[in-house]
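Per-entry structural report
Here is what each chain is made of, one letter per residue.
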Number of protein chains: 2
Amino acid sequence: MAVKILVIEDEAAIREMVDMSLAAAGFEVFQAESGEEGFSLLNEHVPDLILLDWMLPGMSGIDFARRIKKDPLCSDIPVIMLTARGEEEDKVRGLDSGADDFVTKPFSPRELVSRIKAVLRRASPMSSEEVVEVDGLKLDPLSHRVTAHDNKVDMGPTEFRLLHFFMTHPERVFTRGQLLDNVWGTNVYVEERTVDVHIRRLRKAIAGSGHDRLVQTVRGAGYRFSAKP
Amino acid sequence: MAVKILVIEDEAAIREMVDMSLAAAGFEVFQAESGEEGFSLLNEHVPDLILLDWMLPGMSGIDFARRIKKDPLCSDIPVIMLTARGEEEDKVRGLDSGADDFVTKPFSPRELVSRIKAVLRRASPMSSEEVVEVDGLKLDPLSHRVTAHDNKVDMGPTEFRLLHFFMTHPERVFTRGQLLDNVWGTNVYVEERTVDVHIRRLRKAIAGSGHDRLVQTVRGAGYRFSAKP
DNA sequence: CGTCGAGGTGACAGTTTCGTGGCAACTGGT
DNA sequence: ACCAGTTGCCACGAAACTGTCACCTCGACG
């Protein structure tokens, strides 16, 4: 799942340089020369981040950022502004417009990539933080730990997410497809039988303390997490 | 390391004014417009103090404070409530909100800063000055020393800050990004893998006295400091 | 009892993640 | 200028994790 970045910059030289750097860093880049072109691209691909030049012909970067933030579909997309000079006033005005960070030209490819990563990791927080407990089996998302009557239980990341999903949705049958959507994520193609394998691994992980039987097979339908037999 | 303050306030004008004042006083400020945003910020930056508006869209300031105080990991963070002058003030003070202080709007920046410093002095032996000890490993922020069963432990400044952050927030997983934000600083752009290197150096430093195993790897998530295996 | 489909199980190879040593750049003191 | 300590980054290898497959077991049903 490649991270998509929309670059809006009118100078071809800079645009190419940025394109190269980001592509080399593993990002998927979409280029636009103007705000208008940026908007039409926005309709085709929703990017994970927008790199926006401060000075643009026609619609300025500020205008573009303001319009972005108004659109509920795009308002969560972080914006990094490219400015020519580190003018303090410009920065303040930019901040009001909703930009998440500023990079002043000239900049090194390394710095640009680094700051993009920094903005991206701030934009995506982690999931819920409530401790879940069923029948002595405790799962703590904050410490990312599972204990069975205070004994540590080891499992892989996928098993952890699977168990977390089960424990927050107990007593309910899920098909393999639903589990794939909720635990693996949409837009990923994985064989449904793979769910069986991870169910097996999860069962083995929590088996030690009589906590098997918690993950139940519903023949012909899917799986269920329940304390009742 | 700079004192971090989380400001939760929906009015942009007040938020900016507070931001300016606190930044001028040497604090590191994080802004949030709503309780929800505040919580997600809380996940990334653990602040030393929270400045909380009483009237918030959605989750009210009271709700937010209560939820904070319920979380054992955040319950030690002092909270200052911002209230409008008038009829609300008395009600708020009467409620069991868990706030450490109240500041009524309108207020002067000078007053706000001095109240913040007062609360920090009063409530912060936990946060930055007190000696922390876990399992015979003692860290003294004032004398900048770490001892393991009275034997001095040597490490670099970055390892010291990393260990201090870990010891004041044990039993919780932090992603590399969160560690970068909280130990290195928000406006620093460093590769996430660099965290691994300093984790290694920290482990090597405290390894001598059986105090490895304290810094634990959580595969796919980040690192955790815990006395439990 | 035999058949058949659904689910369980163990193994395996590709991929991802993490640990580790080394190195160049930088800093502050002499 | 030199030296010692620190820092960030890279490259390599080890270890863990993942998705699939082939094969086995189980249960329902005629």
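Scroll up for the structure.
Read on for a plain summary of the structure. Just so you know, these numbers come straight off a predicted model, no measurement behind them.

Observations regarding the interface of chain B and chain A
Interface size is commonly expressed as the accessible area that is lost once the parts come together. Each partner contributes to the interface: chain B provides 28 residues, whereas chain A provides 17 residues. Across the chain B/chain A interface, buried area totals approximately 1900 Å², and carbon plus sulfur atoms make up 47% of it. Linking chain B to chain A there are 2 salt bridges. Close ionic contact of Glu191 of chain B with Lys117 of chain A constitutes a salt bridge, the shortest N to O distance being 3.8 Å. Seen at the junction of chain B and chain A, the total is 5 residue pairs in polar contact (both at pLDDT 80 or more). Counting only elements with at least two residues in the side of chain B that touches chain A, the list comes to α2 (35–44), α8 (176–184) and β11 (215–218) of chain B. Broken down by element, the residue count for the side of chain B that touches chain A peaks at 4 residues, all from α2 of chain B. For the side of chain B that touches chain A, a count of residues per class yields 10 nonpolar, 7 polar and 11 charged.

Section: the protein's contact with DNA strand C
Among the 22 residues in the neighbourhood of DNA strand C, the closest are listed as Arg193 and Arg200 of chain A together with Arg193, Arg200 and Thr217 of chain B. Separating a base oxygen of DNA strand C from a side-chain N or O atom of Arg193 of chain A is a distance of 2.4 Å. Measuring from a base nitrogen of DNA strand C, one finds a side-chain N or O atom of Arg219 of chain A at 2.7 Å. A total of 5 residues in the surface near DNA strand C trace back to one element, the largest contributor, which is helix α8 (residues 193–206) of chain A. Residues belonging to the surface near DNA strand C are distributed by class as follows: 5 nonpolar, 4 polar and 13 charged.

Section: the sheet that holds strand β10 (residues 173–174) of chain B
All names here are of chain B. What the 3 strands build is an open sheet, ordered β10-β12-β11; its pairing is antiparallel. With one partner strand each, in any of the chains shown, β10 and β11 form the two edges of the open sheet. Pairing of β11 with strand β12 (residues 222–225) involves 4 bridges; the strand directions are antiparallel. Bridging across to β12, Gln216 finds its partner in Arg224. Lying on the sheet, helix α7 (residues 157–168) is in contact with β10, β11 and β12; it crosses β12 at an angle near 70°.

Considerations on the side chain of Thr147 of chain B
The topology assignment puts Thr147 of chain B in strand β8 (residues 145–148). The class of Thr147 of chain B is buried, set by a relative accessible area of 13%.

Concerning the protein's contact with DNA strand D
In the neighbourhood of DNA strand D, 24 residues make up the surrounding shell, with Thr158 and Arg201 of chain A together with Thr158, Thr194 and Arg201 of chain B lying closest. Between DNA strand D and the protein, one listed contact pairs a phosphate oxygen with a side-chain N or O atom of His198 of chain B at 2.8 Å. If you list the elements that add at least two residues to the surface near DNA strand D, you get α6 (157–168) and α8 of chain A together with α7 and α9 (193–206) of chain B. Along the lines of polarity and charge, the residues of the surface near DNA strand D split into 8 nonpolar, 7 polar and 9 charged.

Scoring rules and cut-offs
- Here the residue numbers are simple positions, counted from 1 along each chain's written sequence.
- Whichever chain is written first becomes A and whichever ligand is written first becomes 1, with later ones labelled in order.
- For this predicted model, a pLDDT threshold of at least 70 governs which residues receive local features, and a threshold of 80 or more governs which side-chain atom pairs are given and counted, while totals over whole chains, interfaces and linings are taken from all residues.
- Side-chain metrics rest on all non-hydrogen atoms present in the structure, leaving aside hydrogens and water.
- In what follows, a contact means two residues having at least one pair of non-hydrogen atoms within 4.5 Å.
- As a working definition, buried area equals the accessible area (1.4 Å probe) given up by two parts on being put together, with both sides summed.
- By definition, a salt bridge exists where a carboxyl oxygen of Asp or Glu is found within 4 Å of a side-chain nitrogen of Lys or Arg.
- Pairs of N or O atoms are called polar contacts if they sit within 3.5 Å, as long as, within protein, a hydrogen donor faces a hydrogen acceptor (for residues adjacent in sequence, only side-chain-to-side-chain pairs).
- For helices the rule is a DSSP run of H or I covering at least 4 residues; for strands it is a run of E covering at least 2, with both sets numbered from the N terminus onward.
- Asp, Glu, Lys and Arg are counted as charged, while Ala, Val, Leu, Ile, Met, Phe, Trp, Tyr, Cys and Pro are counted as nonpolar; the rest, among them Gly, fall into the polar class.
- We call a residue near a molecule or strand when any one of its heavy atoms sits within 4 Å of it.
- DSSP-based pairing: two strands are paired if at least 2 bridges between them are found.
- To get an axis, fit a line to the C-alpha atoms, keeping to the stretch in contact for a helix; angles then go from 0 to 180 degrees between the N-to-C directions.
- Type-normalised accessible area, obtained with a 1.4 Å probe on protein chains alone, sets the label of each residue: buried when under 20%, exposed when over 50%, and partly exposed for intermediate values.

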